[in-house]
Structures are given as C-alpha cells and as structure tokens.
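# Chain and residue survey
The chain contents come next:
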Amino acid sequence: MKLGLVELRRKPLRFAIAGSALVLLTVLLLFLGGLLDGLYINSTGLLRSQQGELIVYSSDAKDSLIRSRIDPDVRAEVESADGVAATGGIGVALVGGEVPGESDLVNLSVSGFELPVDAMSSDVSLAPDQALADRSLEADGVDVGQRVLVGAARTPIEVVGWVEDTNYLQQGGFFVTPDTWRRVLADSRPDANLPAGTFQALVVELADGADAADVAEAIDAVTGGATSTLTRDEAVQALPGIREQNSTFSAIIYVTLFVAGLIVALFFALLTLERIGLYSVLKALGASSPQIFGGVVVQAVVVAVVSFAFGGLLMLALARVLPSEVPVELVPSRAVQIVVGLVVMSALGAAVSLRRVVRVDPASAIG
Amino acid sequence: MAALELTDVRKTYTSGDAEIVALDHATLEVADDEIVALVGPSGSGKTTLLSISGGLLTPTEGTVVVGGQDISSYSAKQLTQFRREAVGFVFQAVNLVPFLDARENLVIVNDFGSSRSGSEAKKRAEKLLDELGLASRMDNLPGELSGGERQRVAIGRALMNEPDLVLIDEPTSALDTKLGEQVMELIVSEVKSRSTAAVIVTHDQRMTHYADRTVAITDGRLGAGRPAD
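Residues numbered from 1 in each chain as written. Chains lettered and ligands numbered in written order. Predicted model: local features only at pLDDT ≥ 70, side-chain atom pairs only at ≥ 80, totals over all residues.

The helix and strand tally for chain B stands at six helices and 11 strands. What you see for chain B is a C-alpha radius of gyration of 17 Å, in line with the 17 Å of a compact globule of 229 residues. Once the C-alpha set of chain B is aligned to its principal axes, its extents read approximately 50 × 40 × 35 Å. Here chain B, with 229 residues, has 48% of them falling under the buried criterion. (Helix = DSSP H or I, 4+ residues; strand = E, 2+ residues; numbered from the N terminus. Rg over C-alpha atoms; globule rule 2.2 N^0.38 Å. Buried ≥ 20, exposed ≤ 12 C-beta atoms within 10 Å, placed from the backbone.)

The secondary structure content of chain A amounts to 11 helices and nine strands. The C-alpha atoms of chain A give a radius of gyration of 28 Å, which is well past the 21 Å a tight globule of 367 residues would have. Summarising its shape, the C-alpha atoms of chain A cover approximately 95 × 50 × 30 Å along the three principal directions. Per-residue burial over chain A gives 42% buried out of 367 residues.

Residues and elements named next belong to chain A. Close contact between helix H2 (residues 16–48) and helix H7 (residues 242–274) brings their axes to 10 Å; oriented N to C, the two are set at 170°. Classed by the angle they form, the pair H2 and H7 counts as roughly antiparallel. Here the residues of the contact of H2 with H7 sort into 21 nonpolar, six polar and no charged. (Axes fitted to C-alpha atoms, helices over the stretch in contact; angles between N-to-C directions. Parallel < 35°, antiparallel > 145°, perpendicular 65-115°, else oblique. Nonpolar A, V, L, I, M, F, W, Y, C, P; charged D, E, K, R; others polar.)

On to the interface of chain B and chain A, then. Contacts between the two partners involve 20 residues from chain B and, on the opposite side, 19 residues from chain A. When contributions to the side of chain B that touches chain A are tallied by element, the ones reaching two or more residues are helix H1 (46–53), helix H2 (76–86) and helix H3 (102–111) of chain B. (Contact = placed C-beta atoms within 7 Å.)

This part covers H3(B). Burial analysis of H3(B) places nine of its 10 residues in the buried class, the great majority of the element. Every buried residue belonging to H3(B) is among B:Ala102, B:Arg103, B:Glu104, B:Asn105, B:Leu106, B:Val107, B:Ile108, B:Val109 and B:Asn110, and all of these are buried. Check the buried side of H3(B) and you find it contacts helix H1 (2–10) of chain A together with helix H4 (118–131) and helix H5 (147–159) of chain B. Positive backbone phi, approximately 140°, marks B:Gly113, located one or two places after H3(B).

Turning our attention to the domain arrangement of chain A. Where interface size is quoted, it is often the accessible area lost as the parts come together. All names here are of chain A. We note that the domain assignment places domain 1 (2–43 + 242–366) and domain 2 (64–237) within chain A. Here the C-alpha centroids of domain 1 and domain 2 sit 45 Å apart. In this assembly, seven residues from domain 1 lie in contact with eight residues from domain 2. For the side of domain 1 that touches domain 2, the elements supplying multiple residues, two or more each, are H2 and H7. The element best represented in the side of domain 1 that touches domain 2 is H2, accounting for three residues. Taken together, the residues of the side of domain 1 that touches domain 2 sort by class into three nonpolar, three polar and one charged. (Domains from an automatic or database assignment.)

Attention now goes to the environment of A:Arg14. Residue and element names in this part refer to chain A. Tracing the backbone through its elements, the reader meets Arg14 in the loop between H1 and H2. The exposure class of Arg14 is partly exposed, given the 15 C-beta atoms found within 10 Å. Along the backbone, Arg14 and Leu39 are 25 residues apart, and their C-alpha atoms lie at a distance of 39 Å.

For the rest of this paragraph, the subject is the nonpolar core. Core analysis: the largest hydrophobic core is formed by 105 residues, its most contacted members being B:Leu38 and B:Val199. Among the elements that line this core, the one with the most residues is helix H9 (residues 289–321) of chain A, at nine residues. The residues contacting B:Val199, other than those within four sequence positions of it, are B:Leu4, B:Val30, B:Val36, B:Leu38, B:Leu50, B:Ser53 and B:Leu167. Formed by 50 residues, the second largest nonpolar core is a distinct cluster that contains A:Ile90, A:Leu132, A:Val176 and A:Leu230. (Core = buried A, V, L, I, M, F, W, Y, C linked by C-beta atoms within 7 Å.)

All right, on to the sheet that holds strand E2 (residues 18–30) of chain B then. Residue and element names in this part refer to chain B. Here we have four strands laid out as an open sheet, ordered E2-E1-E4-E5, and antiparallel in their pairing. The open sheet has two edge strands, E2 and strand E5 (69–70), and neither has a second partner. By the bridge criterion, two bridges tie strand E4 (residues 61–66) to E5 in an arrangement that is antiparallel. Looking at the pairing, Val65 lines up with Asp70 of E5. (Pairing = 2+ DSSP bridges.)

Attention now goes to the pairing of E2(B). Residue and element names in this part refer to chain B. As judged from the nine bridges shared by strand E1 (residues 4–15) and E2, these two strands associate in the antiparallel manner. Residue pairing for E2: Thr12 is matched across the bridge by Val21. Once E1 ends, the chain turns through two residues before running back antiparallel as E2, passing Gly16 with a positive phi of about 65°.

Below, the discussion takes up unusual backbone geometry. Positive phi is not limited to glycine here, since A:Leu169 has a value of about 50°. Assignment of secondary structure puts A:Leu169 in the loop between strand E6 (155–163) and strand E7 (172–176). Here B:Ser195, not a glycine, exhibits a phi torsion of approximately 50°, which is positive. As for its placement among the helices and strands, B:Ser195 is situated in the loop between helix H6 (177–193) and strand E8 (197–202).

To continue, consider the pairing of strand E8 (residues 201–206) of chain A. Residue and element names in this part refer to chain A. Where strand E1 (residues 54–58) lies against E8, three bridges are found, and the strand directions are antiparallel. By the bridge assignment, Leu54 is partnered in E8 with Val204. In the sheet, strand E2 (residues 84–98) pairs with E8 via six bridges, with the strands oriented antiparallel. Paired with Gly89 across the two strands is Leu202, which belongs to E8.

Residues and elements named next belong to chain B. Here chain B shows a mean pLDDT of 90. Residues at 70 or above account for 97%. Within chain B, the element-level pLDDT minimum falls on strand E11 (residues 226–227), averaging 62, and the maximum on E4, averaging 95. Scored as a whole, the predicted complex attains pTM 0.82, and scored at its interfaces, ipTM 0.91. (pLDDT = per-residue confidence, 0-100.)

Right, let's talk about the packing of H1(A) against H9(A) for a bit. Residues and elements named next belong to chain A. Their axes nearest at 7 Å, the elements H1 and H9 cross at an angle of 40°. As the angle between them shows, H1 and H9 are arranged oblique. For the pair H1 and H9, the crossing hand works out as right-handed. Contact residues: Leu3, Gly4, Leu5 and Leu8 in H1; Gly295, Val296, Val298, Gln299 and Val302 in H9. Broken down by class, the residue content of the contact of H1 with H9 amounts to six nonpolar, three polar and no charged. (Left-handed = near helix turned anticlockwise from the far one by under 90°.)

If you want it as structure tokens, here you go:
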C-alpha cells in the first residue's frame with residue numbers, strides 16, 4: 001500500500017487520464033444530483049416544511065392538494081379521531097406575481113396556512129394582504145417591504161419577511177392568511193372559489209405517543225372514507241412527477257457511477273499489464289499478492305477521492321455561472337453519496353485486476 | 001550446516017506431449033560462506049537452478065534445503081515468506097523500483113514483512129549504501145544513477161534482510177569489463193564480509209575467478225565443480 005501511495009506522489013501524471021475522466025464524471029454526477037435535489041426541493045418544500053406528521057386530503061382528490069377540499073364538517077370529524085392533537089388548514093394557489101421594477105412575472109405558490117411551518121416562529125401573525133416570501137424569490141427581485149401584485153386581480157400583497165425552503169411545484173413560496181389565499185384563488189380560478197372555513201387539506205399534529213399510521217387509519221375511518229390521510233413523506237412522494245423524477249435521475253446517476261467503475265477498471269487493467277514486470281520483481285523479493293493488490297486498490301481510491309475534490313471545485317464554480325432557471329442545489333448529503341459511490345466503484349473497478357496480480361509469476365523476474 | 005543443498009533435483013516442463021527436462025538430477029551443496037559461480041551456455045538450466053534455489057520455482061523431484069529449511073514442498077505463501085526472509089536476489093536487469101530512491105529501494109524489502117522497525121530498516125539501508133559507496137546518492141531515483149550505481153543498489157537490496165543465500169544472475173552482463181570487475185569485487189567483498197553464501201550465474205568466464213568454486217551446467221546436468229583459478 002505504501003508503495004502505491006509513493007507512486008501516486010512521485011508519478012501523479014501517470015494517473016492523469018483516469019483522474020481527468022473521474023473529474024468530469026464527478027462534475028456530471030454532482031450536476032445530475034444537484035438538478036435532482038433542486039427539482040425535488042423546489043417541488044416539495046411546502047409539504048416538507050409542515051410540522052404536522054399527517055396530511056389529510058379529500059378521498060376523491062387522488063392525493064392532489066389542488067383538487068382536494070376539506071370542509072368544516074369533515075375537519076370536525078378529523079379532529080375527533082384518536083391521536084389527533086391539532087389540525088391546521090392549508091391551501092395553495094399557483095399564480096404569477098408582478099415584482100416592482102421587474103419586467104418578468106414571478107411564479108408564486110400562494111399558500112394560506114393556519115399552523116406555522118418549520119422556518120416560521122410559533123407565534124407568527126400576518127395581517128390580510130401581507131406575506132412571508134420564500135428566500136429563493138430574492139433572485140427574482142422580491143424584497144421585504146415591496147408590494148407584489150399577485151394573481152389575475154393583481155392583488156397587492158406586501159412582503160413582510162422571509163421563510164426558507166417552502167417552494168411548491170417549482171413556484172416560490174408565498175405565505176398569506178387563509179382569507180387572502182381564498183381571495184387570490186377565487187380571482188385566479190373563479191371555479192375554485194372556496195367558502196370560508198374550507199381548505200384544500202389539513203395538516204395534523206399528533207398527540208404525544210401516537211403512531212402516525214394508526215392515527216391516519218383512525219382519521220379515514222372516522223370520516224367514513226371521505227378522506228385520504230398520508231404521512232408527510234407519503235404526501236411528498238405523491239406529488240405529481242416526484243417518484244418518476246427521482247427514479248429517472250437516480251437511474252442516470254447509478255449508470256454514471258457504473259461507467260466510472262468501468263473507466264477505473266480499464267485504466268488499472270492496462271496499468272497492471274504494464275507493471276507485470278515490476279510486480280514479478282516485487283513478488284520475487286517477498287511481496288505477497290494481497291500486498292500488491294492492496295496497493296492497486298489504494299491507488300484507485302485515492303485517485304477517486306482526489307478527482308472528486310477537483311470535480312467538486314469545478315462544480316462549485318459552474319454552479320455560480322448557471323442561469324437561475326436551472327434549479328441546481330448542491331446538498332452535502334448528495335456529495336457524500338457521490339463520493340462514496342465513486343470510491344466503491346473505483347475499488348471494485350480496481351478489483352478487476354486482482355486475478356492478473358495473483359497470476360503474476362515471481363519466477364519471470366529472473367528469466 | 002550448508003547454505004544450500006540441492007539433492008537429485010529435477011525440473012521438467014511439458015510442451016504438448018513432450019516433456020522438457022530443464023534440470024536433470026542436479027545435486028549441489030554450497031557452504032555457509034562459499035561463493036559458487038554457475039556457468040553454462042544459454043538454455044543449460046542455470047536460471048532454473050537459481051530459481052529453484054531461491055524459491056521462485058518448485059522442483060518436480062528432489063529436495064531443496066536453504067539455510068536448514070526444506071523448501072521442496074512449500075506452498076506459494078510459504079515460499080513468499082521464505083524469499084522475504086532467507087534469500088536475496090540480484091537480477092540481471094537490476095530491476096529497481098523506478099519511482100523509489102536508492103534508500104527506499106532497500107527499505108521496501110523490509111516493508112513486505114520484517115521484525116525490523118521502519119527506522120531500523122532505514123538505518124540499515126543507509127549503512128549498506130554507505131558501504132557500497134553510495135552515501136551521496138541515497139536520495140536519487142534509479143533513473144538518476146549510472147549502471148554501476150544501480151547494480152550496487154541492487155546488491156544492497158539483496159543484502160537488506162541478512163539472507164542465508166544471495167542469488168545473483170549475470171551481474172556483469174550489462175557492464176564493461178572494468179565496471180564488471182569492480183562490481184564482482186564489491187559482491188565478493190560484501191558477501192564474504194557477512195559470511196554469506198552466494199551463487200552467481202555468469203556466462204563470462206573472466207569473472208569466475210572471483211568465486212571460490214565454479215560449477216558448469218549443460219543440458220540441465222551439473223558437472224563436477226572445480227576450484228576457481
């Protein structure tokens with residue numbers, strides 16, 4: 001192993017081809033992962049940021065927030081279910097907004113809420129026609145103190161503060177009072193006019209010690225099947241396109257990792273062929289096959305880690321020049337997943353050379 | 001106790017239906033501090049004998065005892081350990097590790113497995129290189145050394161783990177006569193000063209007088225040894 005590290009230090013250019021390929025693959029993997037996370041984060045923030053464990057939809061809505069309707073009677077039934085500590089209504093209207101000084105409309109998900117989400121203080125209080133805007137809207141020119149003209153009726157709503165990570169279906173989170181939301185929704189979609197007290201869904205906070213699955217079952221039972229209750233994670237996965245998006249990007253990422261393994265395998269197979277003479281001498285001097293093979297694997301792992309570092313820096317630079325329409329989010333857990341994937345695939349790729357290393361004949365060193 | 005005892009050693013290879021005899025009932029004994037020159041034409045079995053003596057090949061028949069260890073039926077793993085601890089090789093092509101400096105080329109032998117600590121190995125490597133006249137070249141890579149200097153590093157590497165037997169393959173083949181004589185003098189002096197045994201394979205009759213005894217080999221058969229001139 002020590003020998004492998006010394007060679008890496010003294011002859012780094014020997015590994016430049018494999019390293020360069022892995023740097024480019026790292027950029028591709030981080031870009032794909034960043035795109036996946038960006039799409040996911042900007043589609044699901046509204047639901048992920050809810051503090052309640054369960055989301056209750058009307059059963060005929062097929063788990064769609066836009067289609068769902070929960071009226072006060074159903075809400076009262078939900079609140080009577082065992083394990084329910086509190087409920088809060090939520091509703092969303094996907095509309096455009098005119099930001100002062102900006103020529104383009106900004107996409108907003110105007111959300112009426114009763115229970116604060118993660119990034120809000122517990123005693124949050126808004127007046128009618130006031131909003132807390134998602135911090136990501138700063139990039140579109142939104143600022144605190146502005147009046148954004150919202151929806152078809154161009155309702156002026158004043159931004160009074162920020163929230164984080166609350167976007168919904170790629171539209172910037174814009175949290176308002178339930179009445180303001182109902183008005184914006186009615187102005188934009190007259191057919192979707194909702195009476196006071198009716199929401200699209202309910203967020204349910206559980207009583208201490210209550211099991212989420214049991215409470216979900218109890219809620220749907222007590223409403224006689226009028227509701228479909230999902231855990232927060234299930235509700236996120238039920239959003240349109242989320243599952244398909246995750247599985248498609250994940251498949252591309254796994255294929256790219258497989259390609260990285262193939263490149264490392266090919267490179268070290270060629271390097272091993274080139275080094276057969278050296279390995280036979282080392283074996284003649286008393287090196288064992290595991291010692292030599294260990295050196296090969298260590299080299300592959302170090303090349304993968306160093307390539308990831310360079311690729312990561314390149315991706316960070318690239319992320320700064322990407323247009324804001326490209327929703328790339330660089331998330332540490334994704335970076336860890338990719339570096340672990342690269343290291344594992346590189347080690348497996350290098351392992352392809354094991355058979356050849358084992359078969360090196362020490363006697364060939366002498367004749 | 002002899003450093004090397006080959007008794008009725010036979011080594012055969014098969015090529016299709018034919019059996020090729022590389023070594024034919026070879027018997028040879030090399031004393032503890034004896035230097036034996038093994039001479040013979042190409043294909044006579046010199047390299048096979050050297051390889052079997054050094055645990056690089058196993059004999060088809062016969063026994064091989066090195067430093068009191070009967071290695072005739074050792075497994076590949078046992079032979080690896082044996083080579084690490086009991087023999088030193090000087091290869092015809094020198095075969096230093098190109099990306100290690102002179103000192104590291106000696107220490108690497110220790111790294112494969114030795115009771116000697118890293119700092120002890122480094123000190124021993126430096127002492128050996130100093131004795132070999134390479135005190136100022138320890139930090140140089142093989143590519144920065146002359147042919148004679150590389151040969152001396154290879155000799156140091158063979159002696160690094162204080163072997164019972166040093167096996168040297170054509171040490172002067174790539175050197176001119178003067179340099180070849182210097183290298184042979186150095187080998188003899190280093191081997192003799194440690195009371196170590198050595199077998200030197202050479203086709204150069206001019207170098208045989210450095211050995212205590214010369215043994216000829218032809219068609220895999222050893223001739224009667226004769227003292228050096």
